[in-house]
Amino acid sequence: MPATTASKIWDLDVGPEVVRFVALQDAELTGPSAAVVAGSIVAFEPGISEQHRQDVLRSLLLAQLAANAKADRQKDPAGWFTAYRGVLEQVAWVVEASAAAARYQPPFAKFTLDTVVNDAFRPKILAEQLPFVTAAIAAFRSDQNSGAELVFECPSHSGGIGNFQVALAGEEDGAVTLRLAQISFNAPQHVVRLLREEFTKTSQFRVGFLVLSMNEEVFARLRPAIAAKLQDRFDGMVAPLQLP
Amino acid sequence: MDGVTGQQKNDVLNSCLLAQLAANVKFNRERQPVEWSSQYGTVLMNIAWVVPAFHFRTVRASGQRFTMDQLILKLVQSLLTPDQISKLTEVIEAMKGLEGHDRRLVIFERNSHGRSDGNFQFNSVGTSRDNTLQMKFSAYAFDTNTTVTNVLWFSFSSNSTKLQVSTSTFVLNESVFARLRDPLLNKLGNRGIDYIGGLEI
């Protein structure tokens, strides 16, 4: 191949490059952080260890991939979430609290997903925890054409229907807690960029909530099996979000 | 799980994980809350958690209307210490005002919009003075003919609401549980590995 052609190919714009989340593994991360894992956005509270951050990301990815194999993510969100939750329970996450998906009543005639996510989390978490979630959503919205967008958009929605999750992971005295909003919708429009889309009351949203505690003792035994199962799928389906 | 750490925390989490997985196999947690909770309790009883009695009873509120928070406080009088009741009252009041979440209180809630039914559980874990693990388990399942907007302080009609309640204190028999620790951990660990291996992704 002539050198000029190789150079042209190299220069071709083929969309954003996926930034590997593993690049952050060696970093000293003590503040809040956030990432996208397939069709989920996850915010990490300050103080969560890197091992637990990886555990959360791998658990959320495994649950999504396994649920995808059992139910249609977009057309059957209830069946999909049953499978998803079942996987998390099987890999040593203990259900502390759950609210099954219920119809969401938007407060305004026109709204974006920020409002839905905010309304889903506000009654379920402490006031000081909410900014971690809103910062993760804001980071995703402001980081246009990023690897995170590339990872998230495809699994989270299709046409006018969608099914995605937003999670908040924290650690206290070594105990990891995951608070997870499950959001699905059926809208009359073709959704392009989910977090920047404006919805009206004709769109039907359903929101559920799940609080899980990691059973560390059992999870430690499952880590190698989970890592082996995900193998090279992890890097391409997880992307960090740059918090402001 | 305030104040519960180390081995005791592992004991609680391993017990709850086993009970949760075993109950899930037999019943649907959301559609069969009474059966699910009974199975959950049965598993705990079989792994050295001692409880005097564990069953649901149907409760009738005396007034024409009642709110769940008032009823819960009334029902837990015999279960909790005055200090715990005071804390629970504070938590419920705080939740009313702030719609906040308190880590001492774990609520399982289900909202259904076709029929108005649901279930939720308060599960608080602590230790007694002699450091014995105690899990106070309160489960509620209701069925009413009106649409429930917020389960804790919704005003229910006594005549049209069926409420089933189970309030029990599970105490861990640590000397027996000590013999179950390894088999329990192996069961959860080994079957977890098998499960992951067989998972289609």
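Now for a quick tour of the structure. Nothing here was measured: the structure is a model prediction, and the numbers come from that model.

1. Quick notes on the overall build of chain A
Part 1: Scanning chain A from terminus to terminus reveals 8 helices and 10 strands.
Part 2: Burial analysis of chain A (244 residues in total) assigns 47% to the buried set.
Part 3: Intrachain contacts of chain A at a sequence separation of at least 6 include 74% that bridge at least 24 residues.

2. Comments concerning the overall build of chain B
Part 1: When you go through chain B residue by residue, the secondary structure sums to 5 helices and 7 strands.
Part 2: Listed N to C, the secondary structure of chain B is α-α-β-β-β-α-α-β-β-β-β-α in terms of helices and strands.
Part 3: Every one of the 201 residues in chain B was classed for burial, and the buried ones make up 32%.
Part 4: Expressed as a percentage of contacts within chain B between residues at least 6 apart in sequence, the contacts between residues at least 24 apart total 60%.

3. Considerations on the environment of Ile41(A)
Residues and elements named next belong to chain A.
Part 1: With respect to the secondary-structure elements, Ile41 resides in strand β2 (residues 40–44).
Part 2: Residues Ile41 and Ile137, spaced 96 residues apart in sequence, show a C-alpha to C-alpha distance of 7.7 Å.
Part 3: Other than its neighbours up to four places away in sequence, Ile41 contacts Ala34, Val36, Ala136, Ile137, Phe140, Phe152 and Val166.

4. Focus on unusual backbone geometry
Part 1: The phi angle at Asp173(A) is positive, at roughly 50 degrees, despite the residue not being glycine.
Part 2: Counting through the fold element by element, Asp173(A) comes out in the loop between β6 (161–172) and β7 (175–186).
Part 3: Even without being a glycine, Asn131(B) presents a positive backbone phi close to 70 degrees.
Part 4: In this structure, Asn131(B) sits in the loop between β4 (116–127) and β5 (133–144).

5. Quick word on the environment of Ser33(A)
All names here are of chain A.
Part 1: Inspection of the secondary structure puts Ser33 in strand β1 (residues 33–37).
Part 2: On the neighbour-count criterion, Ser33 (25 C-beta atoms within 10 Å) is buried.
Part 3: Excluding its chain neighbours within four sequence positions, the residues that come into contact with Ser33 are Phe44 and Leu243.

6. Side note on the interface of chain A and chain B
Part 1: Contacts between the two partners involve 31 residues from chain A and, on the opposite side, 31 residues from chain B.
Part 2: Those elements giving two or more residues to the side of chain A that touches chain B turn out to be α2 (50–70), α3 (77–90), β3 (93–104) and α7 (216–230) of chain A.
Part 3: If you tally residues by element for the side of chain A that touches chain B, the top one is β3(A), at 9 residues.
Part 4: Considering only residue class, the side of chain A that touches chain B consists of 19 nonpolar, 4 polar and 8 charged.

7. A few points about the environment of Val91(A)
Part 1: Within the secondary structure, Val91(A) sits in the loop between α3 and β3.
Part 2: In this structure Val91(A) comes out as buried when scored by C-beta crowding, with 27 C-beta atoms within 10 Å.
Part 3: Taking the C-alpha atoms as reference, Val91(A) lies 26 Å from Ala136(A); in sequence the two are 45 residues apart.
Part 4: With near-sequence residues (within four places) excluded, Val91(A) lies in contact with Ser59(A), Leu62(A), Phe219(A), Leu222(A), Ile226(A), Gly192(B) and Ile196(B).

Reading the values: rules and limits
Residues numbered from 1 in each chain as written. Chains lettered and ligands numbered in written order. Predicted model: local features only at pLDDT ≥ 70, side-chain atom pairs only at ≥ 80, totals over all residues. Helix = DSSP H or I, 4+ residues; strand = E, 2+ residues; numbered from the N terminus. Buried ≥ 20, exposed ≤ 12 C-beta atoms within 10 Å, placed from the backbone. Contact = placed C-beta atoms within 7 Å. Nonpolar A, V, L, I, M, F, W, Y, C, P; charged D, E, K, R; others polar.

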